[in-house]
Amino acid sequence: MDKDNIKISDKVIDKIKQENVKPIPRWHFWLQHGFLWVLLVILLLLGAISLGITFFELTDVEWGLRPMLGIGLGHWLFSFFPYFWSAILIVVAVLAYYNFLNTPKGYRYPKYQVILFGLILIILTAGAFHYAGLAKKARNFLHDRAPIFQNFMPNKDQLYYLPDQGLLAGKIIDINDESLTLKTIDPHDWKVDIGEAKIPPGKKLENGQKIKILGKKTGEFEFKAEEFRPWQAGDMLRLNNMPKGFMGGPKN
Amino acid sequence: MTLGSDYSDEQLAKAAVDDEAAFYKLMQRYEHKLLRYIRRIIKINQETAEDILQETFIKTYRYLNNFDPSLKFSSWIYRIAHNEAIGYWRRQQRNVKYISIDKEENGLANTLADDETISSELHDKERQEKIVEVINLLPENYREVLILRYLEQKDYEEISDVLHKPVGTVSALIHRAKDKIKKLDKEHNLKDLI
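Residues numbered from 1 in each chain as written. Chains lettered and ligands numbered in written order. Predicted model: local features only at pLDDT ≥ 70, side-chain atom pairs only at ≥ 80, totals over all residues.

### Description of the overall build of chain B
Then, number 1: Counting its regular elements, chain B contains nine helices and two strands.
Then, number 2: The linear arrangement of helices and strands in chain B, starting from the amino end, is α-α-β-α-α-β-α-α-α-α-α.
Then, number 3: A burial count over chain B gives 36% of its 194 residues as buried.
Then, number 4: For chain B, contacts bridging at least 24 residues in sequence account for 61% of all contacts bridging at least 6. (Helix = DSSP H or I, 4+ residues; strand = E, 2+ residues; numbered from the N terminus. Buried ≥ 20, exposed ≤ 12 C-beta atoms within 10 Å, placed from the backbone. Contact = placed C-beta atoms within 7 Å.)

Spelled out as structure tokens, the structure:
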């Protein structure tokens, strides 16, 4: 054996003894790897929530109203697109990708496989979140509890407040069989005739409820309702709000 | 326990956590190979290479519990040596050349010439030196895989574990490196050498 090489091994053994070098305990690595996997799960969940909220925001848009209101598609999309949640999704997806590459053996997988598998996982989880109504709950929770998020969400009070074009949006502050009073964002109290209006199936108008109304402006702060739309249009698609007994919806 | 040569690297690595003698045995198995590998990937003198090797062994010892027995110990320790060498090169970029094969190092040229995808008949010293020159013209990532494949005799999976690249990428790099050698061979008037 090479003399110099023996010296290297001896030097290393001497150093280990002199400096009392010890192998790092196993639990340290378990913790480190565990942290990476937990972080990855958290990032994927965040990504799924962001995409779920993006799905929700996009399905919440009253696409059918656009031609009626005479708004161009570009402007319409610009007004509604959930930029904030899309940006969060991109940031989280990039972090999750690099996080995965740092997990043990993560490097063994081709990049395109990691990206494709990650995206499929996020899309499926986001779809499940959305259709189970969790995305809506998360969105509304953040909207109500963390006012800062309101800056990043489409302001529907304003977007759907176009009385001259036959659209009103606001909160019901008084209601009877023939009319209701709606407080709009300005704020103004609108007297709305609801005698001949259509109400979505399974829905009931109540005080304090937010609502969108299609109809005609009949005077100053006076409106004749033709049709009501739920504040969050996607509601009708979700399990909890589906007609009784329909597709797993509540039976009682 | 008596640590004979019948112990695998993986068994020694497991024993080394509590037994310095086992670690000593492992170092003896790898010191020559790693010292040569370090000097192949960065152009440094013997003394500096030994310092890097010492650091490699100390790090290996400290991280023994992080060794995944489903991998080859050899790939794992090569990875550590690779990282230590690259770390040194990054700190000393102005003074140190990354991956430059010595003209005297004709093993790679011979191996490549023997490879069925590249034509043979490469035996004299002049030809070998010219091929080494051509290899040194390749981008670093190609030279890196060629060294591991043909000088260190690693298979694709081991190279993947050393360089932390997918096996498919390693395979593609080797394939492209060979193509580039053929191309450079023609460009540099070395026709008929390979």
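### Section: the overall build of chain A
Then, number 1: Secondary structure summary: chain A contains eight helices and five strands in total.
Then, number 2: Reading the secondary structure of chain A in the N-to-C direction produces α-α-α-α-α-α-α-α-β-β-β-β-β.
Then, number 3: By residue count, 22% of the 252 residues in chain A fall in the buried class.
Then, number 4: Summarising the internal contacts of chain A: among those between residues at least 6 apart in sequence, 61% fall at separations of at least 24.

### Things to note about the sheet that holds strand E5 (residues 222-230) of chain A
All names here are of chain A.
Then, number 1: In spatial order, the strands read E1-E2-E3-E5-E4; together these five strands close into a barrel with mixed pairing. Averaged over all neighbouring strand pairs, the angle between strand axes comes to 55°, with direction disregarded.
Then, number 2: Two strands pair when backbone bridges link them, and strand E1 (residues 167-175) and strand E2 (residues 179-183) are joined in this way by four bridges, in the antiparallel orientation. When the bridges of E2 are listed, Ile172 appears paired with Leu182. (Pairing = 2+ DSSP bridges. Axes fitted to C-alpha atoms, helices over the stretch in contact; angles between N-to-C directions.)

### Brief notes about the domain arrangement of chain B
Residues and elements named next belong to chain B.
Then, number 1: The domain architecture assigned to chain B consists of domain 1 (9-97) and domain 2 (101-187).
Then, number 2: Contacts between the two partners involve ten residues from domain 1, matched on the other side by seven residues from domain 2.
Then, number 3: Among the elements that make up the side of domain 1 that touches domain 2, the one with the highest residue count is helix H4 (residues 73-91) (five residues). (Domains from an automatic or database assignment.)

### Quick notes on the confidence of the model for chain B
All names here are of chain B.
Then, number 1: Predicted confidence across chain B gives a mean pLDDT of 82, with 75% of residues reaching 70 or more.
Then, number 2: Across residues 116-122, confidence stays below pLDDT 50; counting only partners more than four residues off in sequence or on other chains, it has 18 contacts.
Then, number 3: Across the whole predicted complex the pTM is 0.74, and at the interface the ipTM reaches 0.77. (pLDDT = per-residue confidence, 0-100.)

### Focus on the domain arrangement of chain A
Residue and element names in this part refer to chain A.
Then, number 1: If you check the domain split of chain A, you get domain 1 (26-152) and domain 2 (156-232).
Then, number 2: A separation of 33 Å is found between the C-alpha centroids of domain 1 and domain 2.
Then, number 3: Taken together, the contact pairs six residues of domain 1 with six residues of domain 2.
Then, number 4: Its residues placed into classes, the side of domain 1 that touches domain 2 shows two nonpolar, one polar and three charged. (Nonpolar A, V, L, I, M, F, W, Y, C, P; charged D, E, K, R; others polar.)

### What to know about the nonpolar core
Then, number 1: Counting 47 residues, the largest nonpolar core has B:Leu26, B:Leu34, B:Ile38, B:Leu53 and B:Val145 as the members making the most contacts within it.
Then, number 2: Counting residues per element, this core draws most heavily on helix H2 (residues 20-41) of chain B, at ten residues.
Then, number 3: Mapping this core onto the domain boundaries places at least three of its residues in each of domain 1 (9-97) and domain 2 (101-187) of chain B.
Then, number 4: Those residues in contact with B:Val145, other than ones at most four positions away along the chain, are B:Ile159, B:Val170, B:Leu173, B:Ile174 and B:Ala177.
Then, number 5: Judged by nonpolar contacts, the second largest core, of 17 residues, contains A:Leu167, A:Leu180, A:Trp190 and A:Val192. (Core = buried A, V, L, I, M, F, W, Y, C linked by C-beta atoms within 7 Å.)

### Focus on the environment of A:Leu159
All names here are of chain A.
Then, number 1: With respect to the helices, strands and loops of the structure, Leu159 is situated in helix H8 (residues 156-159).
Then, number 2: Given 20 C-beta atoms within 10 Å, Leu159 falls into the buried group.
Then, number 3: Separated by ten residues in the primary sequence, Leu159 and Ala169 have C-alpha atoms spaced 8.5 Å apart.

### A short note on the packing of helix H1 (residues 9-16) of chain B against H2(B)
All names here are of chain B.
Then, number 1: As a packed pair, H1 and H2 sit with axes 8 Å apart at the nearest point and diverge in direction by 140°. Accordingly, the angle class assigned to the pair H1 and H2 is oblique. Crossing handedness for the pair H1 and H2: left-handed. Across the interface between the two elements, Asp9, Leu12, Ala13, Ala15 and Ala16 from H1 touch Ala22, Phe23, Lys25, Leu26 and Arg29 from H2. (Parallel < 35°, antiparallel > 145°, perpendicular 65-115°, else oblique. Left-handed = near helix turned anticlockwise from the far one by under 90°.)

### A look at unusual backbone geometry
Residue and element names in this part refer to chain A.
Then, number 1: Residue Asp186 is joined to Pro187 through a cis peptide bond whose omega torsion reads 5°.
Then, number 2: With respect to the helices and strands, the residue Pro187 is situated in the loop between E2 and strand E3 (189-193).
Then, number 3: Within the chain, Lys105 stands out as a residue other than glycine whose phi angle is a positive 70°.
Then, number 4: Structurally, Lys105 can be placed in the loop between helix H5 (83-101) and helix H6 (111-131).
Then, number 5: Given 12 C-beta atoms within a 10 Å radius, Lys105 is considered exposed.

### Topic: the pairing of E1(A)
Note on strand geometry: in a regular strand, side chains alternate between the two faces of the sheet.
Then, number 1: Two strands pair when backbone bridges link them, and E1(A) and strand E4 (residues 210-219) of chain A are joined in this way by five bridges, in the antiparallel orientation. From the neighbouring strand, A:Lys171 faces E4(A), where its bridge partner is A:Lys210.

### What about the interface of chain B and chain A?
You'll often see interface size given as the accessible area lost when the parts meet.
Then, number 1: Counting from both sides, the interface comprises 25 residues of chain B and, opposite them, 20 residues of chain A.
Then, number 2: Among the secondary structure elements, those contributing two or more residues to the side of chain B that touches chain A are H2 and helix H3 (46-62) of chain B.
Then, number 3: A breakdown of the residues in the side of chain B that touches chain A according to their chemical character gives eleven nonpolar, eight polar and six charged.

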